[in-house]
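# Structural overview for review
In case you want the letters, here they are:
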Amino acid sequence: EAQVTQNPRYLITVTGKKLTVTCSQNMNHEYMSWYRQDPGLGLRQIYYSMNVEVTDKGDVPEGYKVSRKEKRNFPLILESPSPNQTSLYFCASSYNRRNTEAFFGQGTRLTVV
Amino acid sequence: GEDVEQSLFLSVREGDSSVINCTYTDSSSTYLYWYKQEPGAGLQLLTYIFSNMDMKQDQRLTVLLNKKDKHLSLRIADTQTGDSAIYFCAESTSSSNTGKLIFGQGTTLQVKP
């Protein structure tokens, strides 16, 4: 079954404690991206990756890092989380950047206290 | 700039038609999408339309695109309680090399029995 898997689904952490949200896809997609969803704002792109070892900033990259060492995995790293990073995070993948059929993960609800 | 706007809430009775509206600003939009988000779930692609099309129909869903007015709508015929969800309009543009999807704020559809 084609899917994008994120872990964890829910996470409560404290300010400053480094965390990683994992994302894995099984469709051999080249393009992967991270979005955050906040009430009244829709989804905003954090980072994206066109292929292995090719990553770039989206609209709201501050406070986040990513890596793309393998095609299937695209982890999101928060080196020093802050309360304003409390949000619902989605990983997405598609065959290429045209996104005609983007698949989204189930979401990770992060709370930073 | 890039902006996508949707009304935030729509309530209909079961069996009625629902029409969710969306406006966008970027005239270089190439694809326009409708995503559905059920509670606690990720985003599911419902349908998409290429910018040179006026209409697309898929079972109970009809997408209308007015490119002159930059207006997109999603009509759901015979709305069911299972259609209750948040619906996101999104666009991707030829002017962007990032593959970013630009999302509206989401419209919460409430279907009353």
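Everything discussed here concerns the structure shown above.
These notes cover the structure that comes with them. Keep in mind the model is a prediction, meaning the values are calculated, not measured. Residue positions are counted from 1 within each chain, in the order its sequence is given. Chain letters and ligand numbers both follow the written order, the letters beginning at A and the numbers at 1. Local features in this predicted model are restricted to residues whose pLDDT is 70 or higher, and side-chain atom pairs enter the listing and the counts only when it is 80 or higher, whereas totals over whole chains, interfaces and linings include all residues. No hydrogens and no water enter the side-chain calculation; it runs on all heavy atoms of the structure.

## Examining the interface of chain A and chain B
Quick note on the threshold: What makes two residues a contact is simply this: any of their non-hydrogen atoms within 4.5 Å. In this description, buried area is defined as the sum, over both parts, of the accessible area (probe of 1.4 Å) that is lost when the two are combined. By definition here, a salt bridge exists when the distance from a side-chain nitrogen of Lys or Arg to a carboxyl oxygen of Asp or Glu is within 4 Å. Distance and chemistry together define a polar contact, namely a pair of N or O atoms within 3.5 Å, with one atom able to donate a hydrogen and the other to accept it when in protein, and with adjacent residues in sequence counting only for side-chain atoms on both sides. To qualify as a helix, a DSSP run of H or I must reach at least 4 residues; to qualify as a strand, a run of E must reach at least 2; elements of each kind are numbered from the N terminus.
Across the boundary between the two partners, chain A contributes 23 residues, which contact 21 residues of chain B. When chain A packs against chain B, the two sides together hide about 1,700 Å² of surface, and 51% of this comes from carbon and sulfur. Our count for the chain A to chain B interface comes out at one salt bridge. With a closest N to O distance of 3.0 Å, D59 of chain A and K100 of chain B form a salt bridge. On the surface where chain A and chain B come into contact, there are four residue pairs in polar contact (both at pLDDT 80 or more). When contributions to the side of chain A that touches chain B are tallied by element, the ones reaching two or more residues are β4 (31-38), β5 (42-51) and β9 (87-94) of chain A. Per element, the largest residue contribution to the side of chain A that touches chain B is five residues, and it comes from β5 of chain A.

## Looking at the pairing of strand β4 (residues 29-37) of chain B
Successive side chains on a regular strand alternate, one facing one side of the sheet and the next facing the other. Residues and elements named next belong to chain B. Heads up, the condition is: Here's how the labels work: a residue is buried when its accessible area is under 20% of the maximum for its type, exposed when over 50%, partly exposed in between, all with a 1.4 Å probe on protein chains only. For two strands to count as paired, DSSP must find a minimum of two bridges between them.
Most of β4 is tucked away, with nine of its nine residues classed as buried. Two elements, β4 and strand β9 (residues 85-93), share eight bridges in a ladder whose sense is antiparallel. Following the sheet pairing, L32 is matched in β9 by E91. Two elements, β4 and strand β5 (residues 43-50), share seven bridges in a ladder whose sense is antiparallel. Pairing of L32 across the sheet is with I49, part of β5. Hairpin connection of β4 to β5: five residues between the antiparallel strands, including G40 at a positive phi of 75°.

## A closer look at the side chain of T107 of chain B
All names here are of chain B. Locating T107 in the fold gives a position in strand β11 (residues 107-112). Polar contacts involving the side chain of T107 include one to the side chain of Q6, which spans 3.0 Å. Residues contacting T107, with those up to four places away along its chain left out, are Q6, S7, L8, F9, L10, I20, A85, I86 and Y87.

## Re the sheet that holds strand β8 (residues 71-76) of chain B
All names here are of chain B. Using the following cut-off: Angles shown run from 0 to 180 degrees and are taken between the N-to-C directions of axes, each axis being a line fitted to C-alpha atoms and, for helices, limited to the stretch in contact.
Ordered by their spatial adjacency, five strands build an open sheet running β1-β3-β8-β7-β6, and the pairing between neighbours is antiparallel. Edge strands, defined here as strands with exactly one partner in the open sheet, are β1 (4-6) and β6 (55-58). Averaged over all adjacent pairs, the angle separating strand axes in this sheet is 15°, with direction ignored. Both strand β3 (residues 18-24) and β8 contribute to a ladder of six bridges, which runs antiparallel. Pairing of T23 across the sheet is with H71, part of β8.

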